[in-house]
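Chains, contacts and geometry: an overview
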Amino acid sequence: MKNITILGATGSIGGSTLDVISRYPDRFRVFALTAHRQIQCLEELCRQWQPRYAVVSNEEDAIQLRQNLSDIPTEILSGKDALCDVASDAEVDMVMAAIVGAAGLLPTLSAAKSGKTILLANKETLVMAGTPFMKTVRENGACVLPVDSEHNAIFQSLPETVRQVMAKGDFYDSGSLKYGIQSLILTASGGPFLNTPLETFPQITPQMAIKHPNWQMGRKISVDSATMMNKGLEVIEACHLFNVDANMIEVIIHPQSVIHSMVRYADGSVLAQLGTPDMRTPIAFCLGVPERLNSGVTPLDFFSLNHLSFVQPDLKRFPCLQLAFDAIQMGGNATCVLNAANEIAVAAFLENHIRFDQIAQVVSETLSKNSSQADSDTIESLIDVDQTSRQYAQRLIKSFQAA
Ligand code: NAD
Ligand code: MG
């Protein structure tokens, strides 16, 4: 029996995780569920799963939830320290890191410090603080299993020996990318605006941007997919997860999202992982490895596929992808700045404060004014960088609105 904490249980990944777990009541016990403010949804989940703990962000919400759930034994906690506590509790085996954005960093780090198996969906942790985070994983015998579908596909397409060392958490010392691996190929859907006329980009609304052609996801990552910042974040994520330089990563647009990513080998082989686009597949893989669990995903029907196509990304259409490459090139704290500016810009776009095409503008200017090449290798210094970059981006957005 494995005890699991699900950080971000009320979200898209959280829901898919509980769906897979519900198929295996003899294997997994839900230890803790967390949510930001969706207390009604969390209340229902608590009734269904009766976890030991539930965590919300605010104490007022916790008080309400305690009243509503007084008939079940779940203990209701609130605040950031409580998130870290339920991620590091001695009874916990696995932590699903599925909070969206920078808010996921400290609880995920707390799981790493206590040597947990981390099912990592929160890519922002690696974009903000990949170097110190992976160091913490290594030093504490933790293990990171990639939930992001592309990284999971690459993980599945790596040699089994590499997967085994990686699953034990010491992948990063193993030099495993010597196994004839030439490159990691990240596929991207291109999002809903792959063929939209560029001159209409300023008219794109939040409703249009969150309607992804292939995947059902939270709002923030849906907008990131529409700008292709998501792929930029994923390149950074892959560099840290697989211990490679960005020049070993190829990005290919594959609008059907059937091939979830690939590994190119020296002998000319390319290994790919395919499937119906449904996050329950990578989640089930991480929950079961080395076994394959039943995920409930509709089997891939080859005869209903018209064709699979591949397109080179257009960096003019998707300036956010270019900005992510720029941030990698800059080094230092630049990817942390990139992430902070992007979170603020996406939130402002979703609130109709800025236009779709201004997201890249906010990120670009914040990046050029706030990044420094000096190595920021402590979590504390990166959290400072995150805060100052957010403030800068906020001021920029105000100046756009005033203009
Ligand atoms: P979501 O918006 O659906 O859910 C986010 C969860 O985080 C919710 O439970 C919410 O309550 C919680 N949360 C939000 N802000 C918080 C805060 N300040 N403090 C504490 N908790 C907070 O998001 P999602 O689509 O499930 O994505 C979660 C993460 O997984 C993101 O990092 C995303 O990039 C990554 N991811 C998602 C998908 C997908 O298909 N949805 C795929 C790959 C990676
Ligand atoms: Mg992905």
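The shown structure was predicted, so the numbers you read here are calculated from the model rather than taken from an experiment.

1. Observations regarding the packing of helix α15 (residues 358–370) against helix α16 (residues 379–402)
Each pair of packed helices gets described by two things: the angle between the helix axes and the distance between those axes. Between α15 and α16, the least distance of the axes is 10 Å, while the angle of their chain directions is 130°. When the axes of α15 and α16 are compared, the pair comes out oblique. Seen from above, α15 lies across α16 with right-handed handedness. Contacts from Gln358, Gln361, Val362, Glu365, Thr366, Lys369 and Asn370 of α15 reach α16 at Thr388, Ser389, Tyr392, Ala393, Leu396, Ile397 and Phe400. Considering only residue class, the contact of α15 with α16 consists of six nonpolar, six polar and two charged.

2. Focus: the state of the cysteines
Throughout the structure, instances matching the rule amount to zero disulfides. Its sulfur unpaired, Cys41 is 9.6 Å from the next cysteine sulfur, which belongs to Cys46. Here Cys84 stays free of any disulfide, with the sulfur of Cys336 as its closest cysteine sulfur at 17 Å.

3. Things to note about the domain arrangement of the protein
One can read the domain layout of the protein as domain 1 (2–147), domain 2 (148–190 + 247–311) and domain 3 (196–227 + 314–403). Centre-to-centre, using C-alpha coordinates, domain 1 lies 25 Å away from domain 2. Contacts between the two partners involve 25 residues from domain 1 and, on the opposite side, 24 residues from domain 2. At the boundary of domain 1 with domain 2, the tally comes to three salt bridges. One salt bridge in this structure joins Arg280 and Asp19, with 3.1 Å as the shortest N-O distance. Counting across the interface, domain 1 meets domain 2 through six residue pairs in polar contact (both at pLDDT 80 or more). Elements that contribute at least two residues to the side of domain 1 that touches domain 2 include exactly α1 (12–21), β5 (94–97), β6 (117–120), α6 (124–139) and β7 (143–146). No other element matches the six residues that α1 contributes to the side of domain 1 that touches domain 2. Here the residues of the side of domain 1 that touches domain 2 are counted per class, giving 18 nonpolar, two polar and five charged.

4. Comments concerning helix α2 (residues 39–49)
Of the positions making up α2, those classed as buried are Ile39, Leu42, Glu43, Leu45, Cys46 and Trp49. The arc that holds the buried residues of α2, viewed along the axis, is 165°, so those residues lie on one side. Exposed residues on α2 whose side chains face more than 90 degrees from its buried face are Gln40, Glu44 and Gln48. Elements that come into contact with the buried residues of α2 comprise α1, β2 (28–34), β3 (53–56) and α3 (59–68). Within two residues after α2, Gln50 carries a phi angle of roughly 45°, on the positive side.

5. Details of the coordination of the magnesium ion (ligand 2)
Around the magnesium ion (ligand 2), the protein contributes the donor atoms Asp148 (OD), Glu150 (OE) and Glu234 (OE), which lie 2.0 to 2.2 Å from the metal centre. Among the residues examined, Asp148 registers a relative accessible area of 7% and is labelled buried.

6. Looking at a nonpolar patch on the surface
A surface patch of nonpolar side chains, about 560 Å² in accessible area, is lined by Leu274, Phe302, Phe303, Leu308 and Phe310. With respect to the secondary-structure elements, Leu308 resides in the loop between α12 (280–288) and α13 (319–330). Given the relative accessible area of 33%, Leu308 is considered partly exposed.

7. Looking at the nonpolar core
Within the largest apolar cluster, 84 residues are counted, with the highest numbers of intra-cluster contacts made by Phe133, Leu338, Ile354, Phe356 and Ile359. At eleven residues, the largest contribution of residues to this core is made by helix α14 (residues 334–350). Ile39, Leu69, Cys143 and Val147 belong to the second largest nonpolar core, which has 41 residues in total.

8. Section: the packing of aromatic side chains
Across all of its chains, the model carries six aromatic pairs by this definition. With centroids separated by 5.9 Å and ring planes inclined at 90°, the aromatic side chains of Phe155 and Phe285 adopt a geometry described as edge-to-face. Residue Phe155 is found in helix α7 (residues 149–157), and its partner Phe285 is found in helix α12; the two are separated by 130 residues along the sequence. No difference in accessibility class separates Phe155 from Phe285, as the two residues are buried.

9. Structural notes on the pairing of strand β9 (residues 249–253)
As a general feature of sheets, a regular strand has side chains that alternate between the two faces. β9 sits mainly inside the fold: four of its five residues count as buried. Sheet topology places strand β8 (residues 181–188) next to β9; five bridges connect them, and they run parallel. Paired with Leu186 across the two strands is Val251, which belongs to β9.

10. Some points on the sheet that holds β8
Read across the open sheet, the four strands follow the order β9-β8-β10-β11; overall the sheet is mixed. The strands lining the two open edges of the sheet, one partner per strand, are β9 and β11 (270–274). Between one strand axis and the next, the sheet turns through 20° on average, direction left out of account. The sheet strands contacting helix α11 (residues 229–242) are β8 and β9, and the helix crosses β8 at an angle near 150°.

11. Things to note about the side chain of Glu343
Of note, Glu343 is situated in helix α14. Given the relative accessible area of 15%, Glu343 is considered buried.

12. Description of the packing of helix α10 (residues 219–227) against α11
As a packed pair, α10 and α11 sit with axes 5 Å apart at the nearest point and diverge in direction by 95°. Taken together, α10 and α11 sit at an angle that is classed as roughly perpendicular. Note on element contacts: α11 touches α10 through Met229, Asn230 and Leu233, opposite Lys220, Ile221, Asp224, Ser225 and Thr227. For the contact of α10 with α11, the class distribution of residues is three nonpolar, three polar and two charged.

Cut-off values and rules
- Residues numbered from 1 in each chain as written.
- Chains lettered and ligands numbered in written order.
- Predicted model: local features only at pLDDT ≥ 70, side-chain atom pairs only at ≥ 80, totals over all residues.
- Heavy atoms only, no water.
- Axes fitted to C-alpha atoms, helices over the stretch in contact; angles between N-to-C directions.
- Helix = DSSP H or I, 4+ residues; strand = E, 2+ residues; numbered from the N terminus.
- Parallel < 35°, antiparallel > 145°, perpendicular 65-115°, else oblique.
- Left-handed = near helix turned anticlockwise from the far one by under 90°.
- Contact = heavy atoms within 4.5 Å.
- Nonpolar A, V, L, I, M, F, W, Y, C, P; charged D, E, K, R; others polar.
- Disulfide = S-S within 2.5 Å.
- Domains from an automatic or database assignment.
- Salt bridge = Lys/Arg side-chain N within 4 Å of Asp/Glu carboxyl O.
- Polar contact = N/O pair within 3.5 Å; in protein donor to acceptor, adjacent residues only side chain to side chain.
- Buried < 20%, exposed > 50% of the residue type's maximum accessible area, 1.4 Å probe, protein only.
- Arc of directions from axis to C-beta.
- Donors = N, O, S within 2.8 Å, 3.2 Å for Na, K, Ca; no water.
- Patch = residues over 30% accessible without salt bridge, like charges linked within 9 Å, V, L, I, M, F, W, Y side chains within 5 Å.
- Areas by Shrake-Rupley, 256 points an atom, 1.4 Å probe, with all protein chains shown as cover.
- Core = buried A, V, L, I, M, F, W, Y, C linked by side-chain atoms within 4.5 Å.
- Phe/Tyr/Trp six-rings, centres within 6.5 Å; stacked < 30°, edge-to-face > 60°.
- Pairing = 2+ DSSP bridges.

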